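Chain by chain, the residues:
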Amino acid sequence: MRIRVLVVFVLTSGYFHTAIAQTYRQVSYTTQSGLPSDHIADVVQAGDGIIWIATTRGLASFDGLEFSIVKDSTDQFPGSPNTRLKKLSENCILVAGLNSQSQFVVKYRLDSVWHNLAVEDTATHAPTRFWDATMEGNELAFSYVVYHTLRTYNPGSDSWTSSRLPDFMQKRIIKLIRHGKRMFIITRDGIFEDQGGKWREVGPYMAGSQTLHPVDMLFDEGADGKVWLLGEDWLGYVKHDEFTNIPLGTKTINPFFRQLQKNSNGFLFIRGSRSFY
């Protein structure tokens, strides 16, 4: 049954807040409400309306009435401040991050069944992994960066490939993005696309004489074909290789945006100091 209650979530260090549209009533959810932890790492809503919440002590789901803590036979769901969730399709979500043993764990829920992606990762002293995933049919394609290496899972051959990133990209990565067969890495110096094993810069993007530095990129699935770019205090889009900067009019001098999401109601700008999203 699809949930139709509109709920807006605000991630804070100690509570999980909701504001129900048009009633202007705020409710705070904590461990006493059924969450595994009061520290929320990420939130995503699946195609069936269920809301999934990644916390520092595991994963939970919310059906609009109550929370359920998610477990499987391994009981090894990620539970760290850097855990991230992503909706890959209407019937698939993915969660990835470190578990309680500091192991990098990747799990995805396809057609209401949880699956584990076996990750050959022995970098136990690397707390940050930048990752992204797409669905190729009903198969998961997954990539992540750890230290200076890009690792990609290929569902067709059920195998992993590894490649070392160029020196100029190392230690400057902000985000890894997959869009179909294309792969991008956002760094502090710009956006780079993998073109046959060689990384080529996309852009640069300018506002007058100022060079803009994106922190996130969003491919619009609509018919206009826009690619949205987010900076720490700006928003713009690329269409037909032309960049348009959009004034945000925010009252905050430097909001330090980190993530951009879009749905039928508009944009959601996410602030924070986490190392990746």
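Details of the structure are given in the entry above.
S.K.: Can you walk me through the sheet that holds strand 23 (residues 227-230) in this structure?
M.R.: Pairing between the strands of a sheet is mediated by backbone hydrogen bonds and can be parallel or antiparallel. Spatially, 4 strands are ordered 22-23-24-25 in an open sheet, and the strand pairing comes out antiparallel. Of all strands in the sheet, those with a lone pairing partner are strand 22 (216-219) and strand 25 (242-246), marking the two edges. Strand-to-strand twist in this sheet, taken as the mean axis angle between neighbours without regard to direction, amounts to 25 degrees.

S.K.: I'm lost on the side chain of Asp220 in this one. Help?
M.R.: The topology assignment puts Asp220 in the loop between strand 22 and strand 23. A relative accessible area of 17% means that Asp220 is categorised as buried. Polar side-chain contacts of Asp220 include one of 3.3 Å to the side chain of Trp228. If we skip the residues at most four places from it in the chain, Asp220 touches Lys226, Trp228 and Lys262.

S.K.: It is not clear to me how the pattern of salt bridges should be interpreted in this structure. Could you clarify?
M.R.: Oppositely charged side chains may form a pair once their charged atoms are brought near each other. Counting across every chain of the model gives 9 salt bridges. For the salt bridge of Arg84 with Asp132, the shortest nitrogen-to-oxygen distance reads 3.7 Å. Linking Arg84 in strand 8 (residues 84-89) with Asp132 in strand 12 (residues 130-136), this pair joins segments that are 48 residues apart in sequence. Like Arg84, the residue Asp132 is buried in the burial classification. Its salt-bridge partner being Arg129, residue Asp121 comes within 2.7 Å of it at the nearest N-O pair. Like Arg129, Asp121 is buried. In this structure, a network of salt bridges that share partners links the residues Arg84, Lys86 and Asp132.

S.K.: So what exactly am I meant to see when it comes to the environment of Ile186 here?
M.R.: Tracing the chain through its elements places Ile186 in strand 17 (residues 182-187). Note: C-alpha distance between Ile186 and Ile174 (12 residues apart in sequence) is 5.4 Å. In this structure Ile186 touches Arg172, Ile173, Ile174, Lys175, Ile177, Ile191, Pro214, Val215, Asp216 and Met217, once residues within four positions along its chain are discounted.

S.K.: Explain the packing of aromatic side chains to me, please; I cannot follow it from the model alone.
M.R.: Aromatic rings in a pair are described by how distant their centres are and how their planes are angled relative to each other. By the definition in use, this model includes 17 aromatic pairs. Consider the rings of Trp234 and Phe243, whose centres lie 6.1 Å apart with planes at 85 degrees: the pair is edge-to-face. Looking at Trp234, the relative accessible area reads 8%, which means it is buried. Across the ring face of Phe77, the terminal group of Lys107 is positioned such that the distance to the ring centre comes to 5.1 Å.

Conventions used here
Residues numbered from 1 in each chain as written. Predicted model: local features only at pLDDT ≥ 70, side-chain atom pairs only at ≥ 80, totals over all residues. Heavy atoms only, no water. Pairing = 2+ DSSP bridges. Helix = DSSP H or I, 4+ residues; strand = E, 2+ residues; numbered from the N terminus. Axes fitted to C-alpha atoms, helices over the stretch in contact; angles between N-to-C directions. Buried < 20%, exposed > 50% of the residue type's maximum accessible area, 1.4 Å probe, protein only. Polar contact = N/O pair within 3.5 Å; in protein donor to acceptor, adjacent residues only side chain to side chain. Contact = heavy atoms within 4.5 Å. Salt bridge = Lys/Arg side-chain N within 4 Å of Asp/Glu carboxyl O. Phe/Tyr/Trp six-rings, centres within 6.5 Å; stacked < 30°, edge-to-face > 60°. Lys NZ or Arg CZ within 6 Å of the ring centre and 35° of its normal.

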